[in-house]
Amino acid sequence: MKIIVATTTYPSSSQTFVDDHIAAVRAAGHEVMILVSGMRWSLRSRVQDGPSGPAIASLAPGMLLRLPGAILRGRLPRSWLGRSLRRLFRQRLGCLPQLFTEIALTDPALGSADLIHAHFGTVGRRIAQARLSGVATPPLVTTFHGYDATHIVQTRDDTYYAALRSEGALMHAVSERIQGILIEAIGFEADRCRVRRVGLPAAVFDAPLRYAAEEPAGTGVRESTLRVLMIGRMVEKKGQIYGISAMHLLARLRPDIRVVLDVVGDGPLFETLQRQAAIGPGQTAVHFHGTLPRQRILSLMQEASVLLHPSVTAGDHDEEGIPVVLMEAMALGLPVVSTQHAGIPELIEDGVSGRLVPERDAVALYHALVACQEAPAVWAGYARAAAARVRARHDGAAEAARVLADYREVLSGGTGSPFAPADASAGGELAGDDGAAAGGAAQPPDGFDAPRLAREGVV
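Predicted model, so just to flag it, every value in this text is computed and none were measured. (Residues numbered from 1 in each chain as written. Predicted model: local features only at pLDDT ≥ 70, side-chain atom pairs only at ≥ 80, totals over all residues. Heavy atoms only, no water.)

A. Summary view of the sheet that holds strand β5 (residues 115-119). An order of β3-β4-β2-β1-β5-β6-β7-β8 is seen for the eight strands of this open sheet, with the pairing classed as mixed. The open sheet has two edge strands with one neighbour each: β3 (46-47) and β8 (193-195). Taken together, the two bridges between strand β2 (residues 31-36) and strand β4 (residues 55-57) define a ladder with parallel strand orientation. Its bridge partner being in β4, V36 is matched across the sheet by A57. The sheet strands contacting helix α18 (residues 396-411) are β1 (2-7), β5, β6 (140-144), β7 (170-173) and β8, and the helix crosses β5 at an angle near 135°. (Pairing = 2+ DSSP bridges. Helix = DSSP H or I, 4+ residues; strand = E, 2+ residues; numbered from the N terminus. Contact = heavy atoms within 4.5 Å. Axes fitted to C-alpha atoms, helices over the stretch in contact; angles between N-to-C directions.)

The following block contains the structure:
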């Protein structure tokens, strides 16, 4: 098979799951091409320096040079240009990511693909709308990771994913919670929504466990030093502000415990978190590392006492799926403390494979960290149970096999969804990235009789 993997940003240190997906599909003997359909402009239409190889960047000025050839070769309908100019006049710059994605999909390098797998519902939506604009595209599988379900369902109306509901072959959800949102709140058909968990590569499982034996290693060091590790993009939903508050409580209430906090990541809250850490008691040593390569992160996990991941629901309703960093820490046998948030309880069983506390509760985080320091044998047991759980539920090869089986089912027509290329002679005005179409909701091409197709089991 020849697969297009489409995503929002590439390369991205916070989306290692995309690279793992690509590597697993290639390891199974299939060809993968990468399409970037995001909101950031790129000076080049070819991104060469990504870990998974070159990618096609849709939001690049050079894409405009391909427009005449795409129309002449019939990859875009002749009516596309006029409709797009009307959309641009009505929706202004908000529709540019959609228009440029439609042009990028006509790239000759993508022309012979068998299937598109979009990471994030917003990317799948653009590709589905491209089909309705008359762009000939292969069947579409879309993975929802968190924000693309939890934020969208709270801030958009039910037309936002209308094109994807009609044109998407399968929806993958990384957690049962997200699967429920897709079916119950967004309206995707249940038999086209499946849980496909993020899988970890073999290299993570091949590393030695932090606590492999029945008794924890290095307990003498742990009695005097608690090495806490926080990893994640510095945005509200990661909850680092509550983690640092818990560190301050530790320093004030338990000065007998030497605490070292390593913070890995970057993002809009970086300076805010640095200022917060600086005003705390002097007993806590806080090190901000910025963005680090994956291998260095895994090394820090081997050195840490506990991974702290205090996720919260953000003010804009953004939520986690199931954080990959939690899976990686658990696979390495590192104790974890997190929150009762989104899909995290599907991964961590409180009091069995780690500790979960309420969101935005620095005091509860503090108590969990103290317990980690004072009962290392108990927490070593949590860590061993966590490693076994992740190895059973998030093995990359096993998850890749499930995804590839879905691909084969889609290509055989087994999911009952529309796979024929959209009619290049048809097409209506479609919603831009802000979700607002000229005159209202996204409209399918002329002749697209959704009720009839639904009765016949096509959509």
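B. Quick peek at α18. Spanning 16 residues, α18 covers 22 Å between terminal C-alpha atoms, matching the ideal 22 Å at 1.5 Å per step. Burial in α18 covers these residues: G396, E399, A400, V403, L404, D406, Y407 and V410. Viewed along the axis of α18, the buried residues span an arc of 150°, placing them on a single side of the element. N-capping of α18 is provided by D395, with a side-chain oxygen placed 3.2 Å from the backbone N of A397. (Expected span 1.5 Å × (residues − 1). Buried < 20%, exposed > 50% of the residue type's maximum accessible area, 1.4 Å probe, protein only. Arc of directions from axis to C-beta. Polar contact = N/O pair within 3.5 Å; in protein donor to acceptor, adjacent residues only side chain to side chain.)

C. Region of the structure containing a nonpolar patch on the surface. A contiguous nonpolar patch, built from L81, L85, L88 and L93 and spanning about 370 Å² of accessible area, is present on the exposed surface. Mapped onto the elements, L85 comes out in helix α3 (residues 80-91). (Patch = residues over 30% accessible without salt bridge, like charges linked within 9 Å, V, L, I, M, F, W, Y side chains within 5 Å. Areas by Shrake-Rupley, 256 points an atom, 1.4 Å probe, with all protein chains shown as cover. Salt bridge = Lys/Arg side-chain N within 4 Å of Asp/Glu carboxyl O.)

D. Molecular detail of the sheet that holds strand β13 (residues 336-339). Within the open sheet, the six strands sit side by side as β11-β10-β9-β12-β13-β14. Their pairing is parallel. The open sheet terminates on both sides in strands that have one partner only, identified here as β11 (284-290) and β14 (355-357). Geometrically, the sheet is characterised by an average inter-axis angle of 20° between neighbouring strands, direction not taken into account. The pairing of β13 with β14 spans three bridges and is parallel. Its bridge partner lying in β14, T339 is registered against V357.

E. A look at the packing of helix α13 (residues 294-303) against helix α14 (residues 324-331). Viewed as axis vectors pointing N to C, α13 and α14 meet at an angle of 55°, and their least axial separation amounts to 10 Å. By the angle between their axes, α13 is oblique relative to α14. For the element pair α13 and α14, the recorded crossing hand is right-handed. On the side of α13, the interface is formed by R294, L298 and M301, while α14 contributes V325, E328 and A329. Its residues assigned to classes, the contact of α13 with α14 comprises four nonpolar, no polar and two charged. (Parallel < 35°, antiparallel > 145°, perpendicular 65-115°, else oblique. Left-handed = near helix turned anticlockwise from the far one by under 90°. Nonpolar A, V, L, I, M, F, W, Y, C, P; charged D, E, K, R; others polar.)

F. The layout of surface pockets, seen in detail. In this structure, the second largest pocket occupies an estimated 420 Å³ of space. If you trace the second largest pocket, you find 29 residues lining it, with D20, H21, A24, G396 and A400 closest to the centre. Listing elements by their share of the lining of the second largest pocket, those giving two or more residues are α1 (16-27), β5, α9 (202-206) and α18. When residues of the lining of the second largest pocket are assigned to their parent elements, the largest contribution, seven residues, is made by α18. (1 Å grid on protein atoms, 1.4 Å probe; cavity = no way out; pocket = protein on both sides within 12 Å on 5 of 7 lines; lining within 4 Å. Points joined across faces, edges and corners; volume = space filled by probe spheres on them.)

G. The arrangement of helix α11 (residues 240-253) in detail. For α11, built from 14 residues, the straight-helix expectation of 20 Å at 1.5 Å per residue is met to within 8% by its first-to-last C-alpha distance of 20 Å. Close packing links the buried residues of α11 with β9 (225-231), β10 (258-264), α12 (270-278), β11, β12 (306-309) and α16 (362-374).

H. Summary view of the nonpolar core. Ranked by internal contacts, the top residues of the largest apolar core, which has 99 residues, are F144, L182, F188, M301 and L307. Not counting chain neighbours up to four residues away, the residues in contact with L182 comprise F144, A149, M171, A173, G187, F188 and C193. (Core = buried A, V, L, I, M, F, W, Y, C linked by side-chain atoms within 4.5 Å.)

I. Spotlight on the pattern of salt bridges. This model, assessed by the stated rule, comprises 21 salt bridges. Salt-bridge contacts for R194 lead to E409; the nearest nitrogen and oxygen are separated by 2.8 Å. With R194 in strand β8 and E409 in helix α18, this residue pair connects regions lying 215 residues apart in the sequence. Owing to a relative accessible area of 25%, E409 belongs among the partly exposed residues under this scheme. Notably, a salt bridge pairs E303 with R296, separated by 3.8 Å at the nearest N-O pair. Look at R296 and you get partly exposed, because its relative accessible area is 33%. What emerges from the salt-bridge pattern is a single network uniting R194, R196, D406 and E409.

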